Amino acid sequence: MDAPDDLPLRRFTLIEVNDAKVPLCLRLATSLAAKIAADLGADVLKVEPPGGDPVRRAPPFLPQGGSALFQFLNTSKRSLVLDLASDTGRTALKGLLEKADAVLFEEPTVAAPLLRASRATPIEIAAFPVEMNAAARPVSEFAILALGGLLHMVGEPERKPLRLGGHQASYAAGLTAFTGLAAVLAARDAGQTAPPVRVSLTEVMQWVNWKAASGAEAGGTSPGREGKNSEFQIVPCRDGHVAVVYTATQWPAMRALIGDPRLGDPKFNIRAGRRQHIVELYEIITPWFADKTRAEIQTMAQAKGVPFGPIFSPAELLQTEQYVARGFLATMDHPTLGTLRLPQLPVQWNGRSFAPRPAPELPAPELAA
Amino acid sequence: MSARPLSGIRVLDFGLLTAGANTSAMLADLGADVIKIESGAYLDPFRVVGKPDDDDGWWNRSPQFRFTNRNKRGLALNLKDPEGQRVIRELAAHCDVVVENFRRGVLDRAGLGYKDLSAANPRLVFAAISSQGDTGPERMNVSFGSTLDATSGIASLTGYAGEEPRISGMDVNYPDQIVSLFATGIVISAVMAARRTGKGAFLDFSQREVASFTLGEEILAASADPARPNGRHGNNEESVAQQDTYRCKGGRWIAVTLGTPDAALEAFCASHDSAAAVAALLARGIAAAPCNDGNDLLRDTALQGVTLVRDDRGGLVKGLPYRLGGKGITIQRPGPDLGQHTCEVLRELLGYDDAQLKRLAEAGVTSTTPTVGEI
């Protein structure tokens, strides 16, 4: 599958090594980083274990068969199957590494010594920071969200901590690994010796959740989930829900938008007062939303510069005027699955988008070898 | 220090809060010389949000500002003043990258948009990070981090089972945090192209799109099957036998993921303190972890890895989300005071002399104190 000639990473060759027995949450990070590079034109060769990358069998599934997760994470790549437990497999991999600029893989992999010693720069994805000495610790993406402190931030204070929807630990780590990869390629391009990159999902989650550490350091008490005590809450409206979001400077505009004279009470003028009387504040504002649609609320709020957020489901995003106008959702013709619609890279480069090409079918074992 | 991946690259940084300022911070981490532009009339809002007290110099003490802007030099130049605009245009001629996350049109109106700056410097890589992107009917919409939890789809999949959606909230503002992880890599890719071809690029990032991109498989699955049920399932995940948070003896919560369901888990956790429960589960090969808070993250240096560092004033600041050559970063300089490096940079890059600098200060083009009045 050739990339168009003028894509920005066209000159680079990358290997993505998929060992058979790796926690899937690490694989999602590796595959996302490599997918971004592949959509940008890098020649990405995905080395799958016999039987294929287990993500091929991971949900969500498409009604016509196959994994939506796999199709999303492996666009624009080529693939081959190698048994890295065999000498033949490792020899074949060695040959591929000779021609590559960088190699992405997860810890632990049987091929780690070979990969770290190759002339391709290693990009390693791990679960935990090296300092934890936790190579044998059981891994789940959910437990990593807990370690990094993100679970503590979402939900009601007296109820269970909640995870954010999607694969946020894996994908944030995948975006990070892409940036690390870009740094490696830039160093090699400038004739430098490129440093190896290591990304752990746990460190990425803590880094993303830096306000918890910053808040605890500054005030002694950690920020945490506030639920119905928060100034930002979710309220029902005629056709769904809206997130009430506003900054301190936007309070007067929000007060004018809702138009209830009770909001003029001086106790609501500053943030501390609004927080102290938050139940009363929401009793006043909630009825305003009930008879309006999300679209009406967004139009009225934006007209006053208030950043309320109507809540959309993935299915509704497919119809979103803004996404349609920007062509954010690509239409991709897949040879066996038909026409697929999926988000493309969230950047326009001189007005250009990067259309993804279909993920590879599972090839016969050791074809390329 | 040996050459780093972005050694020799200079960044003109109009980035504010997290989305913009952190993208340029990550470029600084890789060796770029980042010069941050603020003005007395318009501070990075983090200086105000994190205001610790009302004493003189409060604008230089915000922890949030210092967390995000370490390793940058800081200039204060009035963007609304034609003289300030002229100086910034001169600076842009000496830069490789511009990062900005103003509302669309702000820099264009000041004559500092991509069209103006690239006319004088065609190799400029211009990263415009905005809520909705630079085009489309909603391009002028305002948002704050958690607005995008809602509009990106993340909130629709977050919540207690069968209940209303949830956002990450003002202490996380999750969509603001992830955009820099992606934007930095794209900016580096464009810098590589500019080094090779001499031609820069206009990079248009929509934060909302970045957040929706993290739900790629959900959007793809919904497009293939419009009837696909979704919504809130608490902490459950499709194809995971049992996964939830459980309250332990003493009140701490732990997160557990099981390959096979275990109805006794809740009672087991309730009768053990969190450390004992996690240790016992791990010993049985089950993924488990305490639901840490900010103080836990501060205490556990092994867990922190390279994500937190101290600057030379002893202040805690953001480290790296990844390691290069096995290491994190050393902080070369703390987050700048307002206008701390205005004179240094204008002398160094533009050759200004004392008389010129004095004139700019007297005219209010440069400053070291806010002119925004009471906050």
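Residues numbered from 1 in each chain as written. Chains lettered and ligands numbered in written order. Predicted model: local features only at pLDDT ≥ 70, side-chain atom pairs only at ≥ 80, totals over all residues. Heavy atoms only, no water.

## Brief notes about the overall build of chain B
Along the backbone of chain B there are 16 helices and 12 strands. Projected onto the principal axes, the alpha-carbon positions of chain B cover approximately 80 × 50 × 45 Å. When contacts within chain B are restricted to residue pairs at least 6 apart in sequence, those whose partners lie at least 24 apart make up 65%. Per element, the accessible surface of chain B, about 13,200 Å² overall, is 50% carbon and sulfur. A gap of 5 Å separates the mean positions of the 40 positive and 46 negative side-chain charges of chain B. (Helix = DSSP H or I, 4+ residues; strand = E, 2+ residues; numbered from the N terminus. Contact = heavy atoms within 4.5 Å. Areas by Shrake-Rupley, 256 points an atom, 1.4 Å probe, with all protein chains shown as cover. Lys, Arg positive; Asp, Glu negative; His and termini not counted. Charge placed at Lys NZ, Arg CZ, Asp CG, Glu CD.)

## Brief notes about the overall build of chain A
Secondary structure assignment for chain A yields 14 helices and 12 strands. Each principal axis of the C-alpha atoms in chain A carries an extent, and together these give about 75 × 45 × 40 Å. Here the contacts in chain A between residues at least 6 apart in sequence split such that 66% fall between residues at least 24 apart. Put simply, chain A shows about 12,800 Å² of open surface, and 54% of that area lies on carbon and sulfur atoms.

## Focus on the interface of chain B and chain A
Contacts between chain B and chain A engage 137 residues on the former and 134 residues on the latter. Summing the contributions of chain B and of chain A, the shared interface buries around 11,800 Å²; its carbon and sulfur component is 65%. The largest per-residue losses of area from chain B upon contact with chain A belong to Met 170, Phe 213 and Arg 323 of chain B, which jointly make up 7% of the total buried on that side. Close ionic contact of Arg 166 of chain B with Glu 156 of chain A constitutes a salt bridge, the shortest N to O distance being 2.8 Å. In this assembly, chain B and chain A are joined by 49 residue pairs in polar contact (both at pLDDT 80 or more). Looking at the side of chain B that touches chain A, the element that brings in the most residues is helix H8 (residues 174-197) of chain B, giving 15 residues. Grouping the amino acids of the side of chain B that touches chain A by side-chain chemistry returns 62 nonpolar, 50 polar and 25 charged. Across 3 bridges, the pairing between strand E12 (residues 347-349) of chain A and strand E6 (residues 201-206) of chain B is antiparallel. Opposite Val 347 of chain A, over in E6 of chain B, you have Phe 205 of chain B as the bridge partner. (Buried area = accessible area lost by both parts, 1.4 Å probe. Salt bridge = Lys/Arg side-chain N within 4 Å of Asp/Glu carboxyl O. Polar contact = N/O pair within 3.5 Å; in protein donor to acceptor, adjacent residues only side chain to side chain. Nonpolar A, V, L, I, M, F, W, Y, C, P; charged D, E, K, R; others polar. Pairing = 2+ DSSP bridges.)

## Some remarks on empty space enclosed by the protein
For the coordinates displayed, the defined rule picks out 4 cavities of 30 Å³ or more. Around the largest cavity, the lining comprises 21 residues; the ones closest to its centre are Gly 227, Ser 230 and Phe 232 of chain A together with Ile 167 and Gly 169 of chain B. Along the lines of polarity and charge, the residues of the lining of the largest cavity split into 7 nonpolar, 7 polar and 7 charged. (1 Å grid on protein atoms, 1.4 Å probe; cavity = no way out; pocket = protein on both sides within 12 Å on 5 of 7 lines; lining within 4 Å. Points joined across faces, edges and corners; volume = space filled by probe spheres on them.)

## Notes on the domain arrangement of chain B
In terms of domain boundaries, chain B breaks down into domain 1 (10-215 + 305-362) and domain 2 (242-293). Centre-to-centre separation of domain 1 of chain B and domain 2 of chain B, based on C-alpha positions: 40 Å. (Domains from an automatic or database assignment.)

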